[in-house]
Amino acid sequence: MIPPPRLKVLEIKVFEQPFRLRMPFRFGVITVTEGLQAFARVRVRLEDGREGTGFAAEAVSAKWFDKNPTLTDKQNVEQLRMAVEIATAAYLAAPLMTTFDLFAEHYRPQLDAGAALDLPPLVASYGPALLDRAVLDAVCRILGISFWTAMRANVPGMHGHAAAPDLLDLDFDAFLSALNPAQTLEARHTVGLVDPIVSSDQPGDTRVEDGLPETLEEVVAIYGQHYFKLKVSGKIDADLERLSRIASVLDQIREPIHVTLDGNEQYEDIDAVTALWSAMESAPSLRRLCASTLFVEQPLMRKVALARSVRSLARSKPVIIDESDGDLDAFPLARSLGYSGVSSKDCKGFYKSLINLARCRRWNGRAGEAGGYFMSGEDLTTQAGISVQQDLALVSLLGLTHVERNGHHFIDGFAGRPVTEAMNFLHVHPDLYRNDAGRVRLHIENGLLRIGSLECAGFGSSVTPDLSTTPAMPKAAWPPSASASQLGALAPGGTRRNAV
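For every chain, the first residue of the written sequence is number 1, and numbering continues from 1 onward in sequence order. Local features in this predicted model are restricted to residues whose pLDDT is 70 or higher, and side-chain atom pairs enter the listing and the counts only when it is 80 or higher, whereas totals over whole chains, interfaces and linings include all residues. Side-chain measures here rest on the full set of heavy atoms in the structure, leaving out hydrogens and waters.

Before going further, it helps to spend a moment on the pattern of salt bridges. Counted as salt bridges are all cases of a side-chain nitrogen of Lys or Arg within 4 Å of a carboxyl oxygen of Asp or Glu. For the coordinates displayed, the defined rule picks out 42 salt bridges. Of the charged contacts in the structure, one is a salt bridge between aspartate 137 and arginine 141, with a shortest N-O distance of 2.9 Å. Of this pair, aspartate 137 and arginine 141 both sit in helix H4 (residues 126-143), four residues apart, which is roughly one turn of that helix. With a relative accessible area of 1%, aspartate 137 lands in the buried category. Notably, a salt bridge pairs lysine 231 with aspartate 262, separated by 2.6 Å at the nearest N-O pair. Of the two residues, lysine 231 sits in strand S5 (residues 227-231) while aspartate 262 sits in strand S6 (residues 258-262), which places them 31 residues apart along the sequence. Assessed through its relative accessible area of 5%, lysine 231 is described here as buried. Aspartate 262 sits in the buried class, given a relative accessible area of 2%. Note on conventions: DSSP H or I runs of at least 4 residues are helices, E runs of at least 2 residues are strands, and numbering of each starts at the N terminus. Each residue is placed in one exposure class: buried if its accessible area under a 1.4 Å probe, protein chains only, is under 20% of its type's maximum, exposed if it is over 50%, and partly exposed if it falls in between.

Laid out in structure tokens, this is it:
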């Protein structure tokens, strides 16, 4: 084992890169056509004096972290910026500590500071989720080891902590050393609510014609995928008609297929979800699709999801939480209501994913338990470069065999990042990317992502992103009515510092 190094965070700078989607994507209550990607650059000093810099990247997404209809998309972005600012102030003020303690000791203060600013736990967690990856990336680069090596040797120093009291007695060294990341992952293609299914859905003047697949039919033909995530709208007749059209394409695949259904909080009542599933099972056109369905993801609105049992649906198919996974207490509570699983997303925090995996292992191994608790990889907004690579590295470490992956479908390659940066990623990770007529794009063949090159010095990447022309993340304008003195008093450490 490698002794967990203690470190001091010396500098944090955060940047934002705008991007446009090549096609609109609808999920839940929003149709997305453009967005922002945040980049964090963090400089740390180890206790022995060695210094290094680490990086992380993540989409700044509206109407997912907080779907409050009274907030605008811009206000959602300001919420996430504020979450980064709170975490930045706390991490800069922190004394020498391990990377895990940096997260764990600030976990509750971060949520409390967020609550005082009307930031839900899922929003407040965005700041540490971004910075924790950059901190560990810096440590890995200093030590010259990969994320996988670091985690299996417990370099972060994970241990029983009050942040997750049910795991106080867990031997984290043994748990982490037993993890065995794979070199490939199945890419699970998400079909959004306005995505074209076949060519007749897309008149000629609406096609992008950039060389990438646009319809589901083309995705199957070009990428050869066997795993699919299907969004449902909460309207049974419309969902049945659309699912039947999707099934007509998937039924042409000779190999076994695997499907997940995503309710995206479209339901207030579990009986309505159960009615949809019953209608699906009764439809001859959906026979294979139903038999191939692995689980149902977050069908209930988060305001009721952790207050009502889902056992009536869980008797037919496992149900997982995603948006309701706001804090570290969410998964145990969901379990008591009949949920079997929880999603892993880098934007929710990689320590949370590992803690929830440990819970699954413990629950499944406990005498008298029925078993069947699991995690799933759910994150369609990860973009080429650091973001997608860090998430793939985490998913593989968790032992998952497939992951929702759609950033490459809606965003063309590196989406406006410097060409030299994209080419550097291609050079260092030739298994994960391909050169498509001068554009560097994610490489999926027979449905597989090859990720062996992520075994490099860093958190999934050893490439240094070119941030010389990337704009700094603006100072957060949140909450709209608060004064600067009010905000300063609420940040951990007693002061409010800019994130850049």
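From this point, things continue past the structure.
The next thing to look at is the nonpolar core. The criterion is simple. A nonpolar core is a set of buried Ala, Val, Leu, Ile, Met, Phe, Trp, Tyr and Cys residues joined through side-chain atoms within 4.5 Å. Val9, Phe147, Met280 and Tyr433 are the most contacted members of the largest nonpolar core, which totals 157 residues. The next biggest cluster of nonpolar side chains, apart from the first, holds nine residues, and it includes Phe25, Val32, Leu380 and Ala415.

Next up on the list: the packing of aromatic side chains. Any two aromatic rings considered together are summarised by their centre-to-centre distance and by the angle between their planes. Stacked, tilted and edge-to-face are the three classes assigned to paired rings of Phe, Tyr and Trp, where Trp is represented by its six-membered ring and a pair needs centres within 6.5 Å; plane angles under 30 degrees give stacked, over 60 edge-to-face, the rest tilted. Taken as a whole, this structure holds 18 aromatic pairs when the rule is applied. Taken together, a centroid distance of 5.1 Å and an interplanar angle of 25° make the contact between phenylalanine 103 and tyrosine 351 stacked. Residue phenylalanine 103 is located in helix H2 (residues 99-116), and its partner tyrosine 351 is located in helix H14 (residues 350-365); the two are separated by 248 residues in the primary sequence. With respect to class, phenylalanine 103 is no different from tyrosine 351; both count as buried. Between phenylalanine 414 and phenylalanine 425, the ring centres sit 5.5 Å apart and the planes meet at 35°, which makes this aromatic pair tilted. Remark: phenylalanine 425 occurs in helix H17 (residues 419-428) and phenylalanine 414 occurs in the loop between helix H16 (407-410) and H17; sequence separation between them is 11 residues. Residue class for phenylalanine 414 comes out buried when judged on its relative accessible area of 6%. The rings of Phe100, Phe103, Tyr107, Phe147, Phe350, Tyr351 and Phe459 are connected pair by pair, giving a single aromatic cluster.

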